[in-house]
Amino acid sequence: MSDVILQVVDSHTGGEPTRIIISGGPDLGTGPLSERLRLLREQHDGYRSAVINEPRGSDVLVGGLLCEPYDRSCDVGILFFNNAGYLHMCGHGTIGLMSTLYWLGRVRPGVTRVETPVGIVEAELLDANRVRLRNVPSWRYRSGVSVVLSNGDEVSGDIAWGGNWFYLVTRHGRALEQREWQGLSAYALEIRAALERAGITGAGGGLIDHIELFGPAFSGLADSRNFVMCPGGAYDRSPCGTGTSAKLACLAADGRLAAGAVWRQESIVGSVFEGSWQLASESEAAGALSVLAAGESAAGPVVLPTITGSAWVTGESRLILQESDPFCFGIRSI
C-alpha cells in the first residue's frame, strides 16, 4: 500500500472521547450502511485499528467514519468503532459528531438526520456544544435475569436494548466512585464473563457487550449515577447515550418514569445526560421487536428515548499511515 493520510477531528462528550474520520477513509461504496460496515470490518479493519489503538489512540477512544447516507432522507451517515470492534450505535459519539460538524461549518443549529447501521437518529444541535438526540427505539428484553459469578455470588439485572445490548444492575453493593474504577471494571468484566458462560444473550442471540451498574447520584443534579463497561474493557467516562436509553426503557417498563418526564443520569466522572422517553409507534415497535423468536415478548414497551448532552472539540489532526511503519495499523492488544 502507499502511505495514507486520515483527516480527523477529536472531541469529548461528558469526558468520553470521540475521533471522527472526516476524509481519507477507505472506499466502502454506496450501499446500505450495514453493508458498508461489513466491508469495513472484513476488508479494511486496519483503518479502525490504526485510528483507535496505540500508538495513535487508546482503549478509551471511540472512532467514527463519516460517510454519505444511504437513506436519502438523511443528512449524514456514520460508522462507529472502538478497540474491540464495531458498535451498532453510539450516543455520546453522535453528540460528538454534531459538535464536530458544527466546528467544521457543515451544520447549523437545528435537526440533522443521522443514519446508523441500526436505524436513523435525529440529532438537534441546540448550540455549538449542546445536542438533543432522538435515539433508535429501545426496549427491555428480560427483567430480573440472574447469573452466578466465579466466586459464587449471584447478580441479578435487566437485559435491554438502547442501540447496543446492556445488562443493567442496581443491587451490587459497590460504591460508584471514580477512584474505584479498577475494581468496578474487574467486577463488570466478571459479570460479562458470567453471562457468556451461562449463554445469556440479547434477543436473537445478540451479544451483551455492555455492563451498566447504577447507584445514587453524588451531586444534586442527577437522579442516578452509573458505571458503564464498554466492549473493549474501558469504562465510559460519559453517562453513555445508548446505556441511558436502555435505562429509560427499564424505567418505563417498571412505571418509574412517566412519558416526557426528565431523568438525569450522572456518569462515574460526574458529567450528566438528560433523558426522557415517549412511546414508539406501532410500526416502530414492530420493527424493533422483529428480532424476537416465535412466542417471545418484550418485558416492557418499546420507547423512543431522547438524550441531551454536551460535547467539545479538542483537536484536529492528520494521522499518517506509512507502509514502512511496523505499527502502521496499531498495536492490537485484543
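Summary of the structure given here.

About the cut-offs
Residues numbered from 1 in each chain as written. Predicted model: local features only at pLDDT ≥ 70, side-chain atom pairs only at ≥ 80, totals over all residues. Heavy atoms only, no water. Helix = DSSP H or I, 4+ residues; strand = E, 2+ residues; numbered from the N terminus. Rg over C-alpha atoms; globule rule 2.2 N^0.38 Å. Buried < 20%, exposed > 50% of the residue type's maximum accessible area, 1.4 Å probe, protein only. Contact = heavy atoms within 4.5 Å. Areas by Shrake-Rupley, 256 points an atom, 1.4 Å probe, with all protein chains shown as cover. Lys, Arg positive; Asp, Glu negative; His and termini not counted. Charge placed at Lys NZ, Arg CZ, Asp CG, Glu CD. Pairing = 2+ DSSP bridges. Core = buried A, V, L, I, M, F, W, Y, C linked by side-chain atoms within 4.5 Å.

**Brief notes about the overall build of the protein**
Part 1 of the reasoning: When helices and strands are tallied, the protein shows six helices and 16 strands.
Part 2 of the reasoning: The C-alpha radius of gyration of the protein comes to 19 Å, within 12% of the 20 Å expected for a compact globule of 334 residues.
Part 3 of the reasoning: With the C-alpha coordinates aligned to their principal axes, the bounding extent of the protein is approximately 55 × 45 × 45 Å.
Part 4 of the reasoning: Residue burial in the protein is summarised as follows: out of 334 residues, 53% are buried.
Part 5 of the reasoning: In the protein, the share of contacts with a sequence separation of at least 24, taken over all contacts with a separation of at least 6, comes to 66%.
Part 6 of the reasoning: When the accessible area of the protein is evaluated, it comes to approximately 14000 Å², of which 47% is carbon and sulfur surface.
Part 7 of the reasoning: For the protein, the separation between the mean place of its 27 positive charges and that of its 36 negative charges on side chains is 2 Å.

**Observations concerning unusual backbone geometry**
Part 1 of the reasoning: In this chain, Glu54 is followed by Pro55 through a cis amide linkage whose omega measures 10°.
Part 2 of the reasoning: By secondary structure assignment, the location of Pro55 is in the loop between α2 (45–52) and β3 (62–67).
Part 3 of the reasoning: Of note in this structure, Cys240 is not a glycine but carries a positive phi near 75°.
Part 4 of the reasoning: With respect to the helices and strands, Cys240 occurs in the loop between β13 (224–229) and α5 (241–253).
Part 5 of the reasoning: A relative accessible area of 4% means that Cys240 is categorised as buried.

**Some remarks on the pairing of strand β7 (residues 119–125)**
Part 1 of the reasoning: In this sheet, β7 lies alongside strand β6 (residues 110–116) in antiparallel orientation, the contact comprising seven bridges. Along β7, the bridge assignment pairs Thr112 with Ala123.
Part 2 of the reasoning: Pairing analysis gives four bridges linking β7 to strand β8 (residues 130–134), with the strands arranged antiparallel. Looking across to β8, one finds that Glu122 is bridged to Arg134.
Part 3 of the reasoning: Hairpin connection of β7 to β8: four residues between the antiparallel strands.

**Some remarks on the nonpolar core**
Part 1 of the reasoning: One finds Trp139, Tyr167, Ile191, Leu213 and Phe227 to be the most contacted residues of the largest nonpolar core, which totals 67 residues.
Part 2 of the reasoning: Per-element accounting of this core gives the leading share, six residues, to helix α4 (residues 181–197).
Part 3 of the reasoning: Residues contacting Phe227, with those up to four places away along its chain left out, are Leu176, Trp181, Leu184, Ser185, Ala188, Ile211, Glu212, Leu213, Tyr235 and Ile268.
Part 4 of the reasoning: Ranked by size, the runner-up nonpolar core spans 22 residues in total, among them Val4, Ile21, Val51 and Phe81.

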